[in-house]
Amino acid sequence: MRTILFGAGGQLGVDLARLCRKRGHRLLALRRSQLDVTDEPAVRQRIARHRPDCVINAAAYNHVDQAEGDIETALRVNALAVRNIAAACGEVGAVLVHYSTDYVFDGEKRSPYKEADDAAPQSVYGISKLMGETFVEVHCPSHYVLRVAGVFGPPGRHTKRGNFAEFVLRKCAEGAPLRIVDDQIATPTFGPALAARTLDAIEREIPFGLYHLAGGEPVSWYEFARKIARLARCASELEPIARTRFQGKARRPRCAALSNAKVEAAGIAKMPSLDAAIAEYLILRERERATRR
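Our subject in this report is the structure included herewith. (Residues numbered from 1 in each chain as written. Predicted model: local features only at pLDDT ≥ 70, side-chain atom pairs only at ≥ 80, totals over all residues. Heavy atoms only, no water.)

### Considerations on the overall build of the protein chain
Right, so step 1: Within the protein chain, the regular secondary structure consists of 9 helices and 12 strands.
Right, so step 2: Overall, the C-alpha framework of the protein chain stretches about 55 × 45 × 40 Å when taken along its three principal axes.
Right, so step 3: A burial count over the protein chain gives 52% of its 293 residues as buried.
Right, so step 4: Once local pairs closer than 6 in sequence are excluded, the contacts in the protein chain between residues at least 24 apart make up 81%.
Right, so step 5: Summed over its atoms, the accessible surface of the protein chain is roughly 13,600 Å², and 48% of this surface lies on carbon and sulfur atoms.
Right, so step 6: Put simply, the protein chain has 44 plus and 34 minus side-chain charges, and the middle of one group is 5 Å from the middle of the other. (Helix = DSSP H or I, 4+ residues; strand = E, 2+ residues; numbered from the N terminus. Buried < 20%, exposed > 50% of the residue type's maximum accessible area, 1.4 Å probe, protein only. Contact = heavy atoms within 4.5 Å. Areas by Shrake-Rupley, 256 points an atom, 1.4 Å probe, with all protein chains shown as cover. Lys, Arg positive; Asp, Glu negative; His and termini not counted. Charge placed at Lys NZ, Arg CZ, Asp CG, Glu CD.)

Below, the structure written as C-alpha cells:
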C-alpha cells in the first residue's frame, strides 16, 4: 500500500510511521519541516505525483487556548488545509484518514457521545476541527474521520507540547503537588493502540465514514492523573479542583466521553483498559530511556 503520512513528526505521527513501516506500507512520511500542510500547491503536487492508495493526516493545530486568539492559524491548519488534502485525495482516488476531536461536542450529554449525536463545539479549536470533518466528507468520498481524545504516547516526550502523562510524570519527578480538574470527563487515547487500530481500519477496509476511536474508558482528568501516579509509584500530592478554577481561555466540554461502539461493530478491536495503556506507556518510556543511555 502506497501511503502518505502528514504530521509524521508529531506524537501520533511517530507511532503511525513506525507501524506503517512494520506492516509493509510503502510510506512517504512527511514532517512539518518537509511539507507545510497549509501550502496548498505543495500538498496537491505531492499527492498528485505520489498517487498514494492512502493519505493519513495526523497534522493539526491543537493549542486549544491559544486558538481563541489565533483564529486564522487554527482555521488554516484544521479546516482549509484539510479541505485541500481532501480535494487532492478525491482527485487521485486515495483513501483519506483524518483525525478529529471530542471537542466538537458541548459536553452536556450524560452518557458517551455517539457519531450520530449533534456536534456543538464551544471553542475556536472545536469549530475548526468540525469544519475539517465537513470538508473531508464533501471532498473525499473514500474517507475515515476518526474522533479521538487526549492522545498520549511515548513519542510525546520529544514533542514541544508533550502530553498529559508527561506533565504528571514530570511533576512527580519534581515532587511538586498537582492540582487537577476532577469534574471534566474525557476518554484518554493511547497513541500506539490508536495507530494500530487506524491501520486495521484501512487494511480491513471497514465501511468509510465517521468513527469514534478514543480510549473507551470515561474518566476525569484527576482520576487519570491518579492512575498515572499510582502506576509510576509517585508520592506527589494530588488535589482535585473544579474546572471553574481552571483559567483557560477556551470553553471545554464538561463531559466529552466518546463511545467506540460503531467502530467495534465494524470489527476493530476494543481499546486496552486505561490502566493497561498507562502500564504499557511506562514500560515503553523506560525502554526508550534505557536505549539512550
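Still more to cover.
### Observations concerning helix α4 (residues 124–139)
Right, so step 1: Relative to the 22 Å expected for 16 residues at 1.5 Å per residue, α4 spans 22 Å between its end C-alpha atoms, a close match to the ideal helical length.
Right, so step 2: For α4, every residue scored as buried is listed here: V124, Y125, G126, S128, K129, G132, E133, F135 and V136. (Expected span 1.5 Å × (residues − 1).)

### Some points on the environment of G93
Right, so step 1: Among the secondary structure elements, G93 is positioned in the loop between α3 (71–92) and β4 (95–101).
Right, so step 2: The sequence separation of G93 and R51 amounts to 42 residues, and the corresponding C-alpha distance is 8.4 Å.

### As for the layout of surface pockets
Right, so step 1: Its boundaries defined by the atoms lining it, the second largest pocket holds a volume of some 400 Å³.
Right, so step 2: Along the wall of the second largest pocket there are 16 residues; nearest its centre are V14, D15, R18, P154 and P155.
Right, so step 3: Of all the secondary-structure elements, those providing two or more residues to the lining of the second largest pocket are α1 (11–22), α6 (191–204) and α9 (274–292).
Right, so step 4: With 5 residues, α1 is the single largest residue contributor to the lining of the second largest pocket. (1 Å grid on protein atoms, 1.4 Å probe; cavity = no way out; pocket = protein on both sides within 12 Å on 5 of 7 lines; lining within 4 Å. Points joined across faces, edges and corners; volume = space filled by probe spheres on them.)

### Focus on the nonpolar core
Looking at soluble globular proteins, one finds that nonpolar side chains tend to be buried together.
Right, so step 1: In this structure, I56, Y99, F152 and F224 are the most contacted members of the largest nonpolar core, which totals 54 residues.
Right, so step 2: The biggest single contributor to this core is α6, with 7 residues.
Right, so step 3: Contacts of Y99, omitting those with residues within four sequence positions, involve L12, L16, I56, N57, A58, K129, L146, V148, L194 and T198.
Right, so step 4: Residues V37, A88, C89 and C140 belong to the second largest nonpolar core, which totals 21 residues. (Core = buried A, V, L, I, M, F, W, Y, C linked by side-chain atoms within 4.5 Å.)

### With respect to the environment of R110
Right, so step 1: Locating R110 in the fold gives a position in the loop between β4 and α4.
Right, so step 2: Each C-alpha atom of the pair R110 and R254 lies 9.6 Å from the other, and the pair is 144 residues apart in sequence.
Right, so step 3: Reaching out from R110, the side chain makes a polar contact with the backbone oxygen of E108 at a distance of 2.7 Å. (Polar contact = N/O pair within 3.5 Å; in protein donor to acceptor, adjacent residues only side chain to side chain.)

### Observations concerning the packing of helix α2 (residues 40–50) against α3
Right, so step 1: With their axes 9 Å apart at the nearest point, α2 and α3 run at an angle of 25° to one another. Taken together, α2 and α3 sit at an angle that is classed as roughly parallel. Remark: the crossing between α2 and α3 carries right-handed chirality. Between α2 and α3, the contacting residues are E40, V43, R44, I47 and A48 on the first element and N84, I85, A87, A88, C89, E91 and V92 on the second.
Right, so step 2: Of the residues belonging to the contact of α2 with α3, the class tally is 8 nonpolar, 1 polar and 3 charged. (Axes fitted to C-alpha atoms, helices over the stretch in contact; angles between N-to-C directions. Parallel < 35°, antiparallel > 145°, perpendicular 65-115°, else oblique. Left-handed = near helix turned anticlockwise from the far one by under 90°. Nonpolar A, V, L, I, M, F, W, Y, C, P; charged D, E, K, R; others polar.)

### Side note on the pattern of salt bridges
Pairs can form between side chains of opposite charge whenever their charged atoms are close.
Right, so step 1: For the coordinates displayed, the defined rule picks out 15 salt bridges.
Right, so step 2: E133 is the partner of R147 in a salt bridge, and the nearest nitrogen-oxygen pair spans 2.8 Å. Here the residue R147 occupies a position in strand β5 (residues 143–148), and E133 occupies one in helix α4, the gap between them amounting to 14 residues.
Right, so step 3: For R147, a relative accessible area of 3% gives the class buried.
Right, so step 4: Among the ionic pairs, E217 bridges to K227, the shortest N-O distance being 3.8 Å. Separated by 10 residues along the polypeptide, E217 in the loop between β10 (209–212) and β11 (219–220) and K227 in helix α7 (residues 221–231) bring together distant segments of the chain.
Right, so step 5: Judged by its relative accessible area of 26%, E217 is partly exposed.
Right, so step 6: Salt bridges sharing common partners tie together E217, K227, R230 and D275. (Salt bridge = Lys/Arg side-chain N within 4 Å of Asp/Glu carboxyl O.)

### Description of the sheet that holds β10
In any sheet, the strands associate via hydrogen bonds between backbone groups, in a parallel or an antiparallel arrangement.
Right, so step 1: In spatial order, the strands read β2-β1-β3-β4-β5-β10; together these 6 strands make up an open sheet with parallel pairing. The sheet terminates laterally at β2 (26–30) and β10, the two strands that pair on one side only. Ignoring strand direction, the axes of neighbouring strands in this sheet form an average angle of 20°.
Right, so step 2: Where β4 meets β5, 6 bridges bridge the pair, whose relative direction is parallel. Each residue of the ladder has a partner; that of V97, found in β5, is Y144.
Right, so step 3: Where α2 meets the sheet, its contacts fall on β1 (2–6), β2 and β3 (54–57), and the angle it forms with β1 comes to roughly 165°. (Pairing = 2+ DSSP bridges.)

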